[in-house]
Amino acid sequence: MNDTFLKACRGEKTDYTPVWFMRQAGRYLPEYQKVRSKVDFLTLCKTPELAAEVTIQPVDILGVDAAILFSDILIPLEAMGMKLEFSESKGPVLYNPIRDDAAVSRLKKIKPEEDVPFVMDTIKILRKELEKKVPLIGFSGAPFTLATYMIEGGSSKNFLNTKKMMFQSPELYGKLMKKIVNTVISYLSSQIAAGAQAVQIFDSWAGILAPDDYKEFELPYVKKIVSSLKKQHPETPVIYFANNCAGIIKDVKKSGADVVGVDWRIDIADAIKRLGKKAAVQGNLDPCALFSSGEELEKKIQDILIKAENAKGHIFNLGHGILPETPVKNAIAAVEAVHKYSKRG
Ligand code: CP3
């Protein structure tokens, strides 16, 4: 197996910089669309053979150095008792958003092996099929990001309901966050037990918090998750991706994660300077850069590789998920360029 990705996570020397893309399995691939045309998104997530198939597609088509489980961060919320739907027009919808103490009290403690068996089955299939290929990354949403979907009932513009609960009912918010933390710990721990070789915590909305609020209302919960996982599975790298992290990176660094994923709005040299030797770094090409090709694209990739030379470890990635309109040939060229320009002799 190509273990370049795992080595970079641990800060060990590698022959070249490993690369994968957030949301690398998805609609920009005609091969994904073909599978997806036959089933809706949730059915795809819940059918292990199909979920495994689309997980492997980008490994074979792009040549990336890691696979990421095909699922969604909102899946465990169903197990907690919320009704989830993905609508073509509105994106994810969670019915009866969590707004009061009764709603928080009703949320169930999850047993991943019983409540989301399809996730564990997908991982088991994948470990067999990826045996001679690349490592498998499991994932979860971060507590604050999951809370926003639970409280807003879906995607949101200004997260007013979430911030109202946070500021006006901090005890209720804390009670909800404790329940989410327990879910995330047992969910990721079960993924590791089933075969995930690294895990990523997606904090897509961390950057919409004022820095002091991030410190008070999200960081302690992320820390709890990371420390609990490191205690149970000391060998498994934990990646923490905090989107829009420029204003909060000094606190993101305190999460305890082995790898910090950064978006493109921060200069990666800056991020590395602030992380020091505490964590490896993952990122951070603007997803829109994949609409460039040739020298233009290669130059952007080389710039990031040069800036990241002195990092504790560097895993090349986009600064956020790959866009559905991305030309596949540019994504392939980007992977080739990362491998070519980072080759160490
Ligand atoms: O990275 C991968 O390839 C693995 C699969 C993966 C998906 N979602 C598949 C997906 C992962 C890791 C996610 C994480 C996820 N899901 C996040 C965190 C990362 C981020 O982008 O910030 C969030 C916020 C979600 C919630 C979510 N899922 C939204 C808001 C949407 C609708 C928007 C959209 O892109 O359609 C989804 C749907 C979704 N998740 C799709 C895929 C491939 C598209 C579904 C389809 O096929 O129609």
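As the structure is a computational prediction, the values presented were derived from the model and not from experiment. (Residues numbered from 1 in each chain as written. Predicted model: local features only at pLDDT ≥ 70, side-chain atom pairs only at ≥ 80, totals over all residues. Heavy atoms only, no water.)

A few points about the packing of aromatic side chains
Now for step 1: Across all of its chains, the model carries eight aromatic pairs by this definition.
Now for step 2: Pairing Phe-159 with Trp-205 gives two aromatic rings, centres 5.1 Å apart and planes at 50°, and the pair type is tilted. Of the two residues, Phe-159 is situated in the loop between α9 (143-152) and α10 (160-168) and Trp-205 in the loop between β5 (198-203) and α12 (211-217); the sequence distance between them amounts to 46 residues.
Now for step 3: Look at Phe-159 and you get buried, because its relative accessible area is 4%.
Now for step 4: Residue classification places Trp-205 among the partly exposed positions, given a relative accessible area of 26%.
Now for step 5: Linked through ring pairs, Tyr-32, Phe-41, Phe-70 and Phe-86 together constitute an aromatic cluster.
Now for step 6: Directly above the aromatic system of Tyr-95 lies the positively charged group of Lys-83, at a separation of 4.7 Å from the ring centroid.
Now for step 7: Taking the ring centre of Trp-264 as reference, the NZ or CZ of Arg-265 above it sits at 4.0 Å. (Phe/Tyr/Trp six-rings, centres within 6.5 Å; stacked < 30°, edge-to-face > 60°. Helix = DSSP H or I, 4+ residues; strand = E, 2+ residues; numbered from the N terminus. Buried < 20%, exposed > 50% of the residue type's maximum accessible area, 1.4 Å probe, protein only. Lys NZ or Arg CZ within 6 Å of the ring centre and 35° of its normal.)

Let's talk about the pairing of strand β2 (residues 84-87)
Now for step 1: As paired strands, β2 and strand β3 (residues 91-94) are joined by four bridges and run antiparallel to one another. Bridging from a neighbouring strand, Ser-87 pairs with Gly-91 of β3.
Now for step 2: From the end of β2 to the start of β3, which pair antiparallel, there are three residues. (Pairing = 2+ DSSP bridges.)

Looking at helix α17 (residues 328-342)
Now for step 1: The end-to-end C-alpha distance of α17, which contains 15 residues, comes to 22 Å, matching closely the 21 Å that a straight helix rising 1.5 Å per residue would cover.
Now for step 2: Every buried residue of α17 is listed here: Val-328, Asn-330, Ala-331, Ala-334, Val-335, Ala-337, Val-338 and Ser-342.
Now for step 3: Check the buried side of α17 and you find it contacts α2 (30-36), α4 (48-62), α16 (294-307) and β9 (314-318). (Expected span 1.5 Å × (residues − 1). Contact = heavy atoms within 4.5 Å.)

Observations regarding the site of the ligand
Now for step 1: Around the ligand sit 21 residues in total, of which Arg-23, Tyr-32, Asp-72, Ser-204 and His-320 are the nearest.
Now for step 2: Residue Gln-24 places a main-chain N or O atom 3.1 Å away from an oxygen atom belonging to the ligand.
Now for step 3: One of the side-chain N or O atoms of His-320 is found 2.6 Å from an oxygen atom in the ligand.
Now for step 4: A breakdown of the residues in the shell around the ligand according to their chemical character gives 13 nonpolar, four polar and four charged. (Near = heavy atom within 4 Å. Polar contact = N/O pair within 3.5 Å; in protein donor to acceptor, adjacent residues only side chain to side chain. Nonpolar A, V, L, I, M, F, W, Y, C, P; charged D, E, K, R; others polar.)

Remarks on the pattern of salt bridges
Now for step 1: A full pass over the atoms with the stated rule returns 14 salt bridges.
Now for step 2: With its nearest N and O atoms 3.9 Å apart, the salt bridge here joins Asp-3 to Lys-7.
Now for step 3: Judged by its relative accessible area of 30%, Lys-7 is partly exposed.
Now for step 4: Salt bridges sharing partners connect three or more residues here, namely Lys-250, Asp-251 and Lys-254. (Salt bridge = Lys/Arg side-chain N within 4 Å of Asp/Glu carboxyl O.)

Comments concerning the sheet that holds strand β7 (residues 259-261)
Now for step 1: In space, the seven strands of this open sheet follow the order β1-β4-β5-β6-β7-β8-β9, with parallel pairing throughout. The strands lining the two open edges of the sheet, one partner per strand, are β1 (67-68) and β9.
Now for step 2: Taken together, the five bridges between β5 and strand β6 (residues 238-242) define a ladder with parallel strand orientation. What sits directly across from Asp-203, in β6, is Ala-242.

Here we look at the environment of Thr-183
Now for step 1: With respect to the helices, strands and loops of the structure, Thr-183 is situated in helix α11 (residues 170-194).
Now for step 2: According to the relative accessible area criterion, Thr-183 is buried, its value standing at 4%.
Now for step 3: Residues Thr-183 and Met-80 lie 103 residues apart in sequence; the distance between their C-alpha atoms is 8.1 Å.
Now for step 4: Those residues in contact with Thr-183, other than ones at most four positions away along the chain, are Pro-76, Met-80 and Ile-110.

Quick notes on helix α15 (residues 268-275)
Now for step 1: Buried within α15 are the following residues: Ile-268, Ala-271, Ile-272 and Leu-275. On an axial view of α15, the arc spanned by its buried residues comes to 95°, and they lie on one face.
Now for step 2: In this structure, the buried side of α15 is in contact with α14 (249-252), β7, β8 (280-285), α16 and β9.
Now for step 3: One or two residues past the end of α15 sits Gly-276, with phi positive at roughly 60°. (Arc of directions from axis to C-beta.)

Overview of the environment of Thr-14
Now for step 1: With respect to the element layout, Thr-14 can be found in the loop between α1 (4-9) and α2.
Now for step 2: Note: C-alpha distance between Thr-14 and Glu-113 (99 residues apart in sequence) is 35 Å.
Now for step 3: Beyond its immediate stretch of four places on either side in the chain, Thr-14 contacts Thr-4, Lys-7, Ala-8 and Arg-344.
Now for step 4: Separated by 2.9 Å, the side chain of Thr-14 and the backbone oxygen of Tyr-16 make a polar contact.

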